[in-house]
Amino acid sequence: MRVIQCHSTVEAVTTVVSMIIEKIESHPNAVLGLATGKTMIPVYEMLAEYKKDNPYFLEKCYFFMLDEYLGLPENHPSSFKSYIRSHFLDPLSLQESQIAFPPVDLMDGPAYYEKLLRESGGIDLQLLGLGRNGHVGFNEPGSEKNSRTRVVGLAEETIQANKDQFNDIIPSSAISMGIGTILESKNLLMLATGLSKADAVRELVKHYDDLKCPASLLRDHPHFTLVLDPDAASKINLNI
Ligand code: GLP
């Protein structure tokens, strides 16, 4: 795992955006895995700025979403589908035909999504956020290293952390790529910002393959970059 500690949140976001741009410049038809959450909003905003001067940016890419809530009506404003439309697809003028969403309405949705991933040739760059309890996607503590796309129950901590996004239904389950699925991506790029992530970052940096910290199951990926702002890095002392 390569850790990049930045001097500010803006520098952390810029670092992530630069790495995405670099990947697309060398590989214009790359397959990108997208994450949601508040952390990613400035990343998508900066990509949209870049696109203004680079109209063909991401035009040949294909995207896969990491996860989605279950139990929400179609087009619910708090679904990750709505999030990615309003923060990514629309501002960057990208087509909905360029993205795959985890199927929330199919019995064999997880298997179908894995098939789509295989048929795409695999993810070139997977963008990842970090849950306060160390979750990635919605792989909560206890998730296995070889887990695949599946229906998962959300940890109480996750429900509490995300409940301000819901006025009505508060989902307690989701469909998420598994840790094993994420590990098959060619590159992993994780961004963690803010004090609320400092404990999870400390656990991630301290442990390998600790089921209590799902992100630590990604540590032996050969191309895993973790980008931190000062608050997220405030509980680590890196000599690695
Ligand atoms: C959510 C998502 C993750 C995201 C994480 C952090 O629950 N499933 O993909 O990375 O939690 O979210 P935030 O950036 O809002 O802290």
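Cut-offs used in this document
Within each chain, residue numbers correspond to sequence positions counted from 1 in written order. Whole-chain, interface and lining totals are the exception, using all residues; otherwise, since this is a predicted model, local features are given only for residues with pLDDT of at least 70 and side-chain atom pairs are given and counted only at 80 or more. Working from all heavy atoms in the structure, the side-chain values ignore hydrogens and water. Each helix corresponds to a stretch of at least 4 residues labelled H or I by DSSP, and each strand to a stretch of at least 2 residues labelled E; elements are numbered beginning at the N terminus. Buried, partly exposed and exposed residues are distinguished by accessible area as a fraction of the type maximum, computed with a 1.4 Å probe on protein chains only: under 20%, between the cut-offs, and over 50%, respectively. It only takes one pair of heavy atoms within 4.5 Å for two residues to be counted as in contact. Think of it this way: DSSP has to see at least two bridges between two strands before they count as a pair. Axes here refer to lines fitted to C-alpha atoms; in helices the fit is confined to the stretch in contact. Angles between the N-to-C directions go from 0 to 180 degrees. Here, proximity means that at least one heavy atom of the residue falls within 4 Å of the molecule or strand. A 3.5 Å cut-off defines polar contacts: any pair of N or O atoms within that distance qualifies, except that in protein one atom must be a possible hydrogen donor and the other a possible acceptor, and neighbouring residues in sequence count only when both atoms are side-chain atoms. Only the protein chains shown count as cover for residues, with accessible areas throughout obtained via the Shrake-Rupley method and a probe of 1.4 Å. By the convention adopted, Pro, Cys, Tyr, Trp, Phe, Met, Ile, Leu, Val and Ala count as nonpolar, Lys, Arg, Asp and Glu as charged, and the other residues, Gly among them, as polar.

**Considering the side chain of threonine 193**
Next up, step 1: Relative to the assigned elements, threonine 193 resides in the loop between strand S9 (188-192) and helix H7 (198-206).
Next up, step 2: Taking relative accessible area as the criterion, threonine 193 reaches 15% and is therefore assigned buried.
Next up, step 3: Threonine 193 has contacts with Thr9, Thr39, Asp229 and Ala232, leaving out every residue within four places of it along the chain.

**A few points about the sheet that holds strand S5 (residues 99-100)**
Next up, step 1: With respect to topology, seven strands assemble into an open sheet ordered S1-S10-S9-S6-S2-S3-S5, the strand pairing being parallel. Where the open sheet ends on each side, the last strands, each with one partner, are strand S1 (2-5) and S5.
Next up, step 2: Its contacts with the sheet place helix H4 (residues 109-119) against strand S3 (62-65) and S5, and it is angled at close to 150 degrees to S3.
Next up, step 3: The sheet strands contacting H7 are S9 and strand S10 (224-228), and the helix crosses S10 at an angle near 145 degrees.

**Section: the site of the ligand**
Next up, step 1: Around the ligand, the structure places 14 residues, and the nearest of them are Lys38, Thr39, Asp67, Phe138 and Lys197.
Next up, step 2: Here an oxygen atom of the ligand and a backbone polar atom of lysine 38 are 2.8 Å apart.
Next up, step 3: For the ligand, an oxygen atom lies 3.1 Å from a polar atom in the side chain of asparagine 162.
Next up, step 4: Burial of the ligand by the protein chains amounts to 92% of its free accessible area of 390 Å².
Next up, step 5: Considering only residue class, the shell around the ligand consists of four nonpolar, seven polar and three charged.

**Looking at the sheet that holds strand S7 (residues 150-153)**
Next up, step 1: One open sheet accounts for three strands, arranged S4-S8-S7; its pairing is antiparallel. Every interior strand has two partners, whereas the edge strands, strand S4 (67-69) and S7, have only one. Neighbouring strand axes in the sheet, compared pairwise and without regard to direction, differ in orientation by 30 degrees on average.
Next up, step 2: As paired elements, S4 and strand S8 (residues 173-176) share three bridges and run antiparallel to each other.

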